[in-house]
Amino acid sequence: MVQHFSHSKRILFERESELAALDEALSELTGLPRDGAEPPDRRRGALISFAGRAGLGKTSLLAEARRRAAGKGCTVASARGSDQEQRVAFHVARQLVQPLLAPVPEAELHAALGSWYAIVGPALGLCAPSDGAPPDPQGLRDGLDWVLTHLAVQRAPLVVVLDDAHWADAESLSWLSAFAPRAEALPLLLIVAYRPEELAAHAEEFRGLPGRAGQRPIGLEPLSAGAVARLVRDTLGARADDAFCRECWAVTAGNPFEAVELTAKVRDRGLIPDEAAAHLLRDLVAAVKGSGLVARLERLGTSTVRFAWACAVLGTEISPALAAAVAGIGEREGADCADRLRRARVLTGADRLEFVHPLIATAVYRAIPCGVRVALHGQAAWSVVNAGFGASAAARHLLEVHPDGDTWVVQQLRAAARETVRAGAPDAARRYLARALREPPPWEDRAAVLYELGCASLLTEPATTVNHLRAALEEPITDPALRHGIVYRLSQVLAHSDRLDEASGTLAREIRLTTDPRVRIRMQAEQLMWDAFRADEPDSPARSRRLARLADRLPGRDLTERYIIGLRAWDATLRAEPAGTAVRHAERALVGGLGWAEEDRGFEVPVLVALTFLYADRPGRAEELFAAGIADFERQGWRGAHLSFAYTLLAYIRFRRGRLAEAEDFVRAGLRIAERVGPGTPAHWYAVGILIEILLSRGRVGAATRTAEQYSFGAPFPAAVVFPDAQAVHGELLLARGLTEDAAAELAAAGRRLDPRGMRNPAWCPWQLHLALAEAADAPERALATAHEATRRARGFATASAVGQALRISAEVSSGSARVKLLEEAVGHLERSPAAYELACALVALGGELRRAGRPKEAAEPLYRGLDSAVQCGADGLVERARDELAAAGLRPRLLHSTETDTLTARERTAATLTARGEPVARIAAELHTDEAAVVRMLSAVYRKVGTDHAGLSAALGAPLDGR
């Protein structure tokens, strides 16, 4: 809620240090000096956390913070956690953001939020969920981050106040906890208060957030006897004697809330505040809370008690009419009850009622007899639906009622779950659907509820999802479409859980049962896809033959047929059929479109089609497809595993093109996203394997080794096929470390696993080439034979990059004049390919062989070209090798410089400077006030213009740079 405040100042006793911290933070936020102080050196945001037991004055302190912020011209957004609404997803986020955005016309709001509107709008209550696939939790958090950042900039300075954070919903609190450290870099002050002993598990992060008090929140202490005396006399006048004031302090234990309420009761009773009345104080303070409060309520009458109970059930921002409906009384009688409760200092407000203090709300709620409380929640659910607030508003109440086989309850919970899933809160949806199962639903709906429950658990609890979906298949299902949907989803979650054999088996069983030919072919497509990823597939050649026969007769009329054709393209790539054949099928698959973000399909086939173009030496086409896929993911709000895969594989494309520095930036971005998703996922295997390959190509063997150790990259390897093949990459790392025997064993094991499956394309997995290098010292003839076999396979695939790389490795394990001949042929092929790094390697190797053959003049041209190419690629190790070869040939390395230094923009220079100093992409993004993807694009432009080594960057920036 956005707060408007009068400038009347309320006295807060013994909170001088807390108020000083607030004043200092507001001064630094606004740039305005504190009383008697110099203005701050620079403006900056901050996080302030206050922690204290119930009644110690957190709410009053935050009210004063809001008043002071408003007085300094700040935009103030405020929210409060609620005991009754902490299971309502994004309840706090809506309180904070909705009042700032709701008044904006929809068209203007849509233009301001852009693509984020459809992603965050449902969660914030700004628009209804769309019919497409929901955003993943990470995508939604990113969207909320963007919105709050946007508001902080557009409404600066912004003060965000969260009271009773211990009762905030898990979705809002986990988002704010992750966002809070960014406050310092924005014109944003985040102020949080909570009870430390009641902080929920999902809110634990707040304990460790750095703020004004270092690593700990500012703790609130009870008032001293002197402070309570001042408070008493401030209310009752100077006639309150010392004995009376001391007894007030003793019976309240210095609790400010109890002290304020006690003095109000003394005043209302007309007691004389002296020692003679002190013995009455203990009974009076008991009426403030617990049983005493209940007894006081009962004296107000039955209707008033029931109205108070209804308010306690409804929670915060209570509509008087709705409370009357829940209480079962008329609106006029409800208004009279509200008046009585206001006079009794239980409620406050007019159009929207609130309890005077959360302690009172809790005491009233806990005083409701159990059976009555359940009935009131049931009445509240019906009332909020009848008032037009929808199933989501009713769902939290339905969680509290006893199961009774009520179909209406099941319908409302399922509707709420659908809304909540599409708003990006699957955990809340799971709670609703689990409760719907306990109702229970009619037998004919049970399978559908289990299916919906499984879908809600898909991203966060795959094992639970499998259990729910298998249970759904055990139920009698009258709707064939529902059964098919369950099977598709079950096979998908099994496959993503590295249980590909079970995914394939599930589809195989269902294929035998179905009679619909279109359904059968869809299931065959799904089975073929998961079998393609199985590392333990029993008969890959048979599947390939079946796939070829099926794909060749399909025209590509719908998405299922295009998926099968796309799988055929990938299978042709793996088996080293001519690249032209693979590309022909890939182009066929794209006619009519392959969506990357289809709700009921995976993104695997579109990825495989794009990679088919990459291995066929058409990386530009592959990048186009990946750029479109990333746009689909971001538009849909899929910024978790999906986006991690996309960035990681885009890095692999850049790596294959020889743009190693760009590739490293992209793969590290993908790895960061994978780490946010969770450890040990397939996204980790892809990202770490590609990062290791890039680091090895850049000559950073030590960094590659540390990366492998950090992420436990080694046996056991995943059951799913990943690319680059994890075991082969591990063997390549062992080879780079000089562990040739271990490398040979690992690479040979990879070959024994891949060859029987027909995966024999050295462009996809060059295990034979690395094995040849590992065998060269101890078994040169076997190494040569291995390299020649890899070259034969590469010639069958017939791409210039695959043939060129195979010839280069063959030269390394050959002897005599054959080495020069093979390298010359390799260079010829690689010059016609997009593989810039491989070309640089071949040129340097050729120059070195010519030098050793006594032909230094002929060596100069390939060595200089190789050096320039290595610099452009960012292959630091190869650069040093080329310089060593030039020195050995008596040649001087050319000075490295940029021919386009004047074309760098100021932002590109800043990005390049920070990169050269070793700053991470996230830090550069913060410095330039942009996102990480924009930084990567800037660095890509720099690399294209000036190269990637220090000499090139130094020339571009006009200053020497030390360190990476």
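Broken down by element type, the protein chain carries 48 helices and seven strands. The dimensions of the protein chain, computed from C-alpha atoms along their principal axes, are 115 × 75 × 50 Å. Across the protein chain, the fraction of contacts at a sequence separation of at least 24, relative to all contacts at a separation of at least 6, is 68%. When the accessible surface of the protein chain is summed, it comes to about 38,900 Å², and 51% of that surface belongs to carbon and sulfur atoms. Taken as two groups, the 118 positive and 122 negative side-chain charges of the protein chain have centres that lie 1 Å from each other.

Strands sit in the order β2-β3-β4-β1-β5 across an open sheet of five strands; the sheet is parallel. At either end of the open sheet lies a strand with only one pairing partner, and these are β2 (75–80) and β5 (218–219). As paired elements, β2 and strand β3 (residues 158–163) share six bridges and run parallel to each other. Residue pairing for β3: Ala77 is matched across the bridge by Val160. Sheet contacts for helix α3 (residues 91–101): β2 and β3; angle to β2, the most-contacted strand, approximately 155°.

Looking now at the environment of Leu281. By secondary structure assignment, the location of Leu281 is in helix α12 (residues 281–286). Of the residues examined, Leu281 reaches a relative accessible area of 0% and is grouped as buried. Setting aside chain neighbours within four positions, we find Leu281 in contact with Phe244, Glu247, Cys248, Val251, Leu262 and Val266.

Turning to the packing of aromatic side chains, a few remarks are in order. Scanning the model with the defined rule gives 12 aromatic pairs in all. Here Phe603 and Phe645 contribute two aromatic rings whose centre-to-centre distance is 5.6 Å and whose plane-to-plane angle is 50°, an arrangement assigned as tilted. Highlighted residues: Phe603 in the loop between α29 (579–590) and α30 (604–615) and Phe645 in helix α32 (residues 641–657), separated in sequence by 42 residues. Each member of the pair, Phe603 together with Phe645, is buried. A ring pair is formed by Phe645 and Tyr686, whose centres lie 5.0 Å apart and whose planes are at 80°; its orientation type is edge-to-face. Here the residue Phe645 occupies a position in helix α32, and Tyr686 occupies one in helix α34 (residues 682–697), the gap between them amounting to 41 residues. For the pair formed by Phe645 and Tyr686, the shared burial category is buried. Geometry around Tyr488 places Arg522 over its ring, the cationic atom sitting 3.9 Å from the centre. Here Arg621 stacks its cationic end above the ring of Phe613, 5.3 Å away from the centre of that ring.

This part takes up the confidence of the model for the protein chain. Of all residues in the protein chain, 91% have pLDDT values of 70 or greater, and the mean over the chain is 87. A low-confidence stretch, residues 1–9 stays under pLDDT 50, and its non-local contacts, those more than four residues away or across chains, total 24 contacts. Note that pLDDT drops below 50 for residues 895–902; the model gives that stretch 14 contacts with residues more than four away or on any other chain.

To continue, consider the environment of Arg706. For Arg706, the location among the structural elements is in helix α35 (residues 701–710). Owing to a relative accessible area of 54%, Arg706 belongs among the exposed residues under this scheme. Residues Arg706 and Trp382, 324 residues apart in the sequence, show an inter-C-alpha distance of 60 Å.

Spanning 17 residues, helix α26 (residues 517–533) covers 25 Å between terminal C-alpha atoms, matching the ideal 24 Å at 1.5 Å per step. Among the 17 residues of α26, 13 are classified as buried, and the element is accordingly described as predominantly covered. Its side-chain oxygen at 2.9 Å from the backbone nitrogen of Arg518, Asp516 defines the N-terminal cap of α26.

The first and last C-alpha atoms of helix α2 (residues 58–71) sit 20 Å apart over 14 residues, in line with the 20 Å expected at 1.5 Å per residue. Taken together, the buried positions of α2 are occupied by Lys58, Leu61, Leu62, Glu64, Ala65, Arg66, Arg67, Arg68 and Ala69. Buried residues belonging to α2 abut α1 (16–30), β1 (46–51), β2, β3 and β4 (188–194). Following α2 by one or two positions, Gly73 adopts a phi angle in the positive range, close to 85°.

As a further point, take the pattern of salt bridges. Within this structure, the stated rule accounts for 60 salt bridges. Measuring nitrogen to oxygen at the nearest pair gives 3.0 Å for the salt bridge that ties Glu849 to Arg819. In this pair, Glu849 is assigned in helix α42 (residues 836–852) and Arg819 in helix α41 (residues 818–830), connecting sequence segments 30 residues apart. Owing to a relative accessible area of 11%, Glu849 belongs among the buried residues under this scheme. Through salt bridges that share partners, Glu537, Arg543, Asp571, Arg575 and Arg757 make up one connected network.

With that out of the way, let us pick up the packing of α41 against α42. A pair of packed helices is captured by two measures, namely the crossing angle of their axes and the spacing between those axes. Across the interface, α41 lies against α42 with an axial gap of 9 Å and an inter-helix angle of 150°. It follows from the interaxial angle that α41 and α42 lie roughly antiparallel. When the axes of α41 and α42 are compared, the crossing they make is left-handed. Where α41 abuts α42, its residues Arg819, Val820, Leu823, Glu824, Val827 and Leu830 lie against Glu838, Leu839, Ala842, Leu843, Ala845, Leu846, Glu849 and Leu850. Residue composition of the contact of α41 with α42, by class: 10 nonpolar, no polar and four charged.

Our focus in this paragraph is unusual backbone geometry. For the bond running from Ala156 to Pro157, omega is -10°, close enough to zero to count as cis. Mapped onto the fold, Pro157 is located in the loop between α6 (137–154) and β3. Cis rather than trans, the peptide bond between Ala715 and Pro716 has omega equal to -5°. Secondary-structure assignment places Pro716 in the loop between α35 and α36 (726–736). Even without being a glycine, Glu317 presents a positive backbone phi close to 45°. With respect to the helices, strands and loops of the structure, Glu317 is situated in the loop between α14 (302–314) and α15 (320–327). Overall, the relative accessible area of 39% leaves Glu317 in the partly exposed class.

With that settled, the discussion passes to the pairing of β4. A regular strand places its side chains so that they alternate between the two faces of the sheet. Taken across its seven residues, β4 has seven buried, putting it largely inside the fold. Of the two faces of β4, both are covered, the one formed by Leu188, Leu190, Val192 and Tyr194 as well as the one formed by Leu189, Ile191 and Ala193. Across six bridges, β1 lies against β4 in parallel orientation. When the bridges of β4 are listed, Ala51 appears paired with Tyr194.

Quick look at the nonpolar core now. In terms of nonpolar packing, the biggest core is built from 228 residues, with Phe307, Phe723 and Trp764 touching the most fellow members. At 11 residues, α34 tops the list of elements feeding residues into this core. Beyond its immediate chain neighbours, meaning those up to four positions away, Phe723 contacts Phe533, Trp570, Leu608, Leu611, Tyr615, Leu649, Tyr686, Ile690 and Trp764. Ala93, Ala123, Ala152 and Ala180 belong to the second-largest nonpolar core, a separate cluster that totals 46 residues.

This brings us to the packing of helix α10 (residues 242–252) against helix α11 (residues 256–269). As a packed pair, α10 and α11 sit with axes 9 Å apart at the nearest point and diverge in direction by 130°. Of the possible angle classes, the one that applies to α10 and α11 is oblique. The interaxial crossing formed by α10 with α11 has right-handed handedness. Two secondary-structure elements touch here, α10 through Phe244, Cys248, Val251 and Thr252 and α11 through Glu258, Ala259, Leu262 and Val266. Within the contact of α10 with α11, the residues separate by chemical class into six nonpolar, one polar and one charged.

About the cut-offs
Residues numbered from 1 in each chain as written. Predicted model: local features only at pLDDT ≥ 70, side-chain atom pairs only at ≥ 80, totals over all residues. Heavy atoms only, no water. Helix = DSSP H or I, 4+ residues; strand = E, 2+ residues; numbered from the N terminus. Contact = heavy atoms within 4.5 Å. Areas by Shrake-Rupley, 256 points an atom, 1.4 Å probe, with all protein chains shown as cover. Lys, Arg positive; Asp, Glu negative; His and termini not counted. Charge placed at Lys NZ, Arg CZ, Asp CG, Glu CD. Pairing = 2+ DSSP bridges. Axes fitted to C-alpha atoms, helices over the stretch in contact; angles between N-to-C directions. Buried < 20%, exposed > 50% of the residue type's maximum accessible area, 1.4 Å probe, protein only. Phe/Tyr/Trp six-rings, centres within 6.5 Å; stacked < 30°, edge-to-face > 60°. Lys NZ or Arg CZ within 6 Å of the ring centre and 35° of its normal. pLDDT = per-residue confidence, 0-100. Expected span 1.5 Å × (residues − 1). Polar contact = N/O pair within 3.5 Å; in protein donor to acceptor, adjacent residues only side chain to side chain. Salt bridge = Lys/Arg side-chain N within 4 Å of Asp/Glu carboxyl O. Parallel < 35°, antiparallel > 145°, perpendicular 65-115°, else oblique. Left-handed = near helix turned anticlockwise from the far one by under 90°. Nonpolar A, V, L, I, M, F, W, Y, C, P; charged D, E, K, R; others polar. Core = buried A, V, L, I, M, F, W, Y, C linked by side-chain atoms within 4.5 Å.

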